[in-house]
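What the coordinates show
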Amino acid sequence: MTRNYLISLFLLLFTISSASFAQEDLSKMGAGKLKKTGAKLYAQGDVFGAIRHYEELLRKKDNYEVMFQLADAYHAARNYPMAQFWYNKAYKTNPKKNARALFFYAKMLKTASQYEDAAAQFKIFKKEYTGFKDSPQYQKLVKNQIASIDSSIKTQANPREVRVTNLGNNINSPMSEYMPIYLSPTSFIYATRAFDTARFDASMQNPTFSTAVKYGISWLNNGDWEFKPNGETVNINHGAFSPDFQRFYFTQCTRDKKSVETCKLYSSKNVFGAWQEPEELPEFINLKGSSITQVGVGNESKKGDEVVYFVTNRPGGQGGFDIWYTIFISKSNAWRAPKNCGTKINTPADEITPYYDVTARALYFSSNGLAGQGEFDIFKATGELGRWTVAENLGAPVNTPFDDYYFSTTTDGKEGLFASNRSGSQTAAYEGCCDDIYHVNFENVFDIPVVGRVYEVEDRDIFNILRSNFEAEEETEEIRFLAGSTVSLFIGNSNEKVFIASTQTDNNGRFEFVVEPNRNYMLQFENARTGTALMPLSTQGVETPDTIFLKDYGINYIPKTKSFISKNIYYEFGKYKLTKEQRQIIDTSIVALLRTAPDIVVELRSHTDNIGGEDFNMKLSQRRANEIIDHVIKQGISPARITGKGFGFSVPIAPNNRPDGSDYPEGRAKNRRTEIQVIGSVSESESGGDDEYDD
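Because the structure is a prediction, the values reported are computed rather than measured. (Residues numbered from 1 in each chain as written. Predicted model: local features only at pLDDT ≥ 70, side-chain atom pairs only at ≥ 80, totals over all residues. Heavy atoms only, no water.)

This part covers the overall build of the chain. Helix and strand counts for the chain come out as 13 helices and 35 strands. Burial statistics for the chain: of 695 residues in total, 53% are counted as buried. Counting only contacts in the chain whose residues sit at least 6 apart along the sequence, the fraction spanning at least 24 positions is 61%. Accessible area of the chain: about 30900 Å², with a carbon and sulfur share of 49%. Treating the 79 positive side-chain charges of the chain as one cloud and the 86 negative ones as another, the clouds have centres 6 Å apart. (Helix = DSSP H or I, 4+ residues; strand = E, 2+ residues; numbered from the N terminus. Buried < 20%, exposed > 50% of the residue type's maximum accessible area, 1.4 Å probe, protein only. Contact = heavy atoms within 4.5 Å. Areas by Shrake-Rupley, 256 points an atom, 1.4 Å probe, with all protein chains shown as cover. Lys, Arg positive; Asp, Glu negative; His and termini not counted. Charge placed at Lys NZ, Arg CZ, Asp CG, Glu CD.)

Shown next as structure tokens:
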């Protein structure tokens, strides 16, 4: 949607052409060849070579199409004043053919903080650009741009209380420094790429990496960093560590014979301190005909599997480059099919440089399609996979009208690093050409502890079913605080909420979360009778990190730590098929309990005595469990709410023989039993993750 600007920017930063036409006398080249060669150089990432060819052509004659291409080349080179000049000239030369040039001219005005003029031009574009195939996408973009002008004025007038600092000459240089990756709160690695407007060769194709360490309040370069799986240096364009630092994901870019660029995603595993041979991710992730340029790694909230967020232009997105995700299922050593992160993250423009904060459950990324101050702004969205809060602009002074991206943060969220070509960055040529690394200190950010307790409210219907059909404790009048009850934290409200975290109550029924100020949250409790129970929690207006103590909360509850033994389900020796009488007993016990307590998820456990071999009894007990489960499901209970397992005679609760070795029929009768145990809740399973994520 943003023409080829982002593609050219990636090529400029990541894979620069090995060809060079800088020494050629362009004045002797014909207009047709100048145009063709300029387009070829632009596609290969040599935007400065393209600029020279286009400018030489325009010295010979006006060409509205080349004016637009020249503006794009200057935009990719991040020479914003020249891009602004040529977008304006391209539009005025042929308003009908170059209608989209007006949109980008308005963007350049906005980048120059000429907000009033930018707003006027966006409004003209919105009115004029109708009836084109891509008009709907541009209407969305221009709507965001107009909305962001007011917010940009406000945020620059009232910046956040954070401190942003250029890391200085020890880290930054007139070249581009970018892609900081924290190794610890006091060390990080970063990339450096050479900059030369006249020379592009293979030696500039990949960045070099360095380490930085913190001494006191200063960051210092600590030498080169090389990624050497099996002792061999691997060139990388962008990379990210897994949360446990045991896997490194990175992209590599190559060209075919036609100079078509393709970037793919790889991973390497750390085994006993040594990085292993990199593996290319499957073809359904590295999709043919598309590129993966950048990567970030988090984990999934329910099962902890790694989630890889990556930037790609594959089909099926919102437009331009989008952020997608795939899940690595460690249990089966398999990858899930990629999915788009959705419209709360992606736009018809471009979203790049994802970084996932596993502590805060938040995705940081940069976008030039969401409401921002100019070029790429850094945004934060809480959630995971395809479920997110509305993306929040980090505001000034983190964001500026220039490119702000490659954000990463410390584990406590108090500090961060990012790259920017903002005013004040060191430059090898002109303002905006090159990135520096900046440090941000969220000095006034604080966390708020939240503490509560959960107690049991006995439901008479549930209690009567348990007492009549299972070996259950007697009813009690005492208040009983619950251990092992799941409490989940969401951000949002009852109509739209995004999962943050879950915890289980301790032996005193106590739970604790840490939340941020000026947010609206929901606490979700598992409730056996009514399903979920919700409690709103607001930190709006909270100005101190004092602990919030909640009122004790009562729920209907069936403990997960206890197995309930059915009183009346018995089998003849070696039999597993249910009789009519047994089905009736199951209906009045297990089925009745699951209907009365619609939130519980149970496991049915079948046991035998020790008559017969181990294998025989294991299979027999599993068949008995399966028979009961099949009957329960036929009564309308969801298969997701009941599982079954046969234990054979491996878990006796009474002796099968007397001390003198003689048979003990009463003990064997106790061992031939059917139990159920609550193992979870429907509300717990719906708390987070992906609806189709199931191993």
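Here the narrative resumes, following the displayed structure.
Across its 14 residues, helix α2 (residues 31–44) extends 20 Å between first and last C-alpha, which sits within 8% of the 20 Å expected from 1.5 Å per residue. Within two residues after α2, Gly-45 carries a phi angle of roughly 100°, on the positive side. (Expected span 1.5 Å × (residues − 1).)

All told, the structure shown has 28 salt bridges when counted by the stated rule. Between Lys-60 and Glu-56 there is a salt bridge, with its nearest N and O atoms 4.0 Å apart. With a gap of 4 residues between them, Lys-60 and Glu-56 both fall in helix α3 (residues 47–60), about one helical turn apart. With relative accessibility at 11%, the residue Glu-56 sits in the buried group. Between Arg-672 and Asp-609 there is a salt bridge; the shortest N-O distance is 2.8 Å. Note that Arg-672 is positioned in the loop between α12 (665–671) and β35 (674–681) and Asp-609 in the loop between β33 (600–606) and α11 (614–634), a separation of 63 residues in sequence. Given a relative accessible area of 32%, Arg-672 falls into the partly exposed group. (Salt bridge = Lys/Arg side-chain N within 4 Å of Asp/Glu carboxyl O.)

Positionally, Thr-251 belongs in strand β7 (residues 247–255). Assessed through its relative accessible area of 0%, Thr-251 is described here as buried. A distance of 3.2 Å separates a polar side-chain atom of Thr-251 from the backbone oxygen of Thr-293. Discounting chain neighbours no more than four positions away, the residues touching Thr-251 are Ile-236, Asn-237, His-238, Lys-264, Leu-265, Ile-292, Thr-293 and Gln-294. (Polar contact = N/O pair within 3.5 Å; in protein donor to acceptor, adjacent residues only side chain to side chain.)

Applying the stated criterion across every chain, the model contains 2 disulfides. Disulfide partner of Cys-253: Cys-263, at an S-S distance of 2.0 Å. For the disulfide bridge between Cys-253 and Cys-263, the dihedral angle about the S-S bond is near 105°, and by the sign convention the bridge is right-handed. Separated by 10 residues along the polypeptide, Cys-253 in strand β7 and Cys-263 in strand β8 (residues 261–271) bring together distant segments of the chain. Residues Cys-253 and Cys-263 agree in their burial class; the two are buried. A sulfur-sulfur separation of 2.5 Å characterises the disulfide bridge that pairs Cys-433 with Cys-434. Given an S-S torsion of about -90°, the disulfide between Cys-433 and Cys-434 has left-handed geometry. Counting only the cysteines that take part in disulfides, in the order they occur along the chain, gives the pairing 1-2, 3-4. No disulfide involves Cys-341; its nearest neighbouring cysteine sulfur is the one of Cys-263, lying 19 Å away. Cys-341 gets classed as buried once you look at its relative accessible area, which sits at 1%. (Disulfide = S-S within 2.5 Å.)

Let us look at the packing of helix α10 (residues 580–596) against α11. Relative to each other, α10 and α11 sit at 65°, their axes nearing to 10 Å. Between α10 and α11, the angle falls in the class roughly perpendicular. Seen from above, α10 lies across α11 with right-handed handedness. Contacts from Arg-583, Ile-586, Asp-587, Ile-590, Val-591 and Leu-594 of α10 reach α11 at Ile-628, His-631 and Val-632. A breakdown of the residues in the contact of α10 with α11 according to their chemical character gives 6 nonpolar, 1 polar and 2 charged. (Axes fitted to C-alpha atoms, helices over the stretch in contact; angles between N-to-C directions. Parallel < 35°, antiparallel > 145°, perpendicular 65-115°, else oblique. Left-handed = near helix turned anticlockwise from the far one by under 90°. Nonpolar A, V, L, I, M, F, W, Y, C, P; charged D, E, K, R; others polar.)

Turning our attention to the environment of Ile-548. In this fold, Ile-548 is placed in strand β30 (residues 548–549). Separated by 100 residues in sequence, Ile-548 and Ile-448 have C-alpha atoms that sit 7.3 Å apart. Other than its neighbours up to four places away in sequence, Ile-548 contacts Ile-448, Pro-449, Val-450, Val-451 and Thr-539.

Sheet strands pair by backbone hydrogen bonding; their relative direction is either parallel or antiparallel. Sheet architecture is open: 4 strands sit in the order β1-β23-β22-β21, paired in antiparallel fashion. Each of the sheet's edge strands pairs with one partner strand only, and the pair in question is β1 (163–166) and β21 (404–409). The mean inter-strand angle of the sheet, taken between neighbouring strand axes irrespective of direction, is 25°. Where β1 meets strand β23 (residues 436–441), 4 bridges bridge the pair, whose relative direction is antiparallel. (Pairing = 2+ DSSP bridges.)

Before going further, it helps to examine the sheet that holds β35. Pairing is mixed in the open sheet, where 4 strands are placed in the order β32-β35-β33-β34. Two strands in the sheet have a free side with no partner beyond their single neighbour: β32 (563–565) and β34 (642–646). The mean angle between the axes of side-by-side strands here comes to 25°, regardless of whether they run parallel or antiparallel. Bridge analysis of β33 against β35 gives 7 bridges, and the strand direction is antiparallel. Note on β35: the bridge partner recorded for Ile-600 is Ser-681. The sheet strands contacting α10 are β33 and β35, and the helix crosses β33 at an angle near 165°.

As a further point, take the confidence of the model for the chain. Summarising the model, the chain shows a mean pLDDT of 87, and 91% of its residues fall at 70 or more. Throughout residues 11–22 the model reports pLDDT below 50, and contacts reaching past four residues in sequence, or to other chains, amount to 56 contacts. (pLDDT = per-residue confidence, 0-100.)

Evaluated as defined, the whole model comprises 47 aromatic pairs. Judged by centre distance (4.7 Å) and plane angle (50°), the ring pair of Phe-241 and Phe-248 falls under tilted. Like Phe-241, the residue Phe-248 is buried in the burial classification. Ring centres of Tyr-309 and Tyr-356 lie 5.4 Å apart, and the angle between their planes is 15°; this geometry places the pair in the stacked category. (Phe/Tyr/Trp six-rings, centres within 6.5 Å; stacked < 30°, edge-to-face > 60°.)

In this section: the nonpolar core. In summary, soluble globular proteins display a tendency toward joint burial of nonpolar side chains. The biggest cluster of nonpolar side chains holds 52 residues, and the ones touching the most others in it are Tyr-87 and Phe-103. Put simply, the parts of the chain that give this core at least two residues each are α2, α3, α4 (64–76), α5 (80–93), α6 (99–111), α7 (115–128) and α8 (135–157). Per-element accounting of this core gives the leading share, 9 residues, to α6. Core analysis: the second largest hydrophobic core is formed by 39 residues, Ile-181, Phe-250, Phe-321 and Ile-352 among them. (Core = buried A, V, L, I, M, F, W, Y, C linked by side-chain atoms within 4.5 Å.)

Taking 1.5 Å per residue as the helical rise, α3 with its 14 residues ought to reach 20 Å, and the 20 Å between its terminal C-alpha atoms agrees with that figure. With respect to burial, α3 is a largely interior element, 10 of its 14 residues being buried. Burial in α3 covers these residues: Val-47, Phe-48, Gly-49, Ala-50, Ile-51, His-53, Tyr-54, Glu-56, Leu-57 and Leu-58.

This part takes up the environment of Leu-578. Structurally, the position occupied by Leu-578 is in the loop between β32 and α10. For the pair Leu-578 and Ala-101, spaced 477 residues apart in sequence, the C-alpha separation works out to 75 Å. If near-sequence neighbours (up to four positions away) are discounted, Leu-578 is found in contact with Tyr-571, Arg-583, Ile-586, Glu-627, Ile-628 and His-631.

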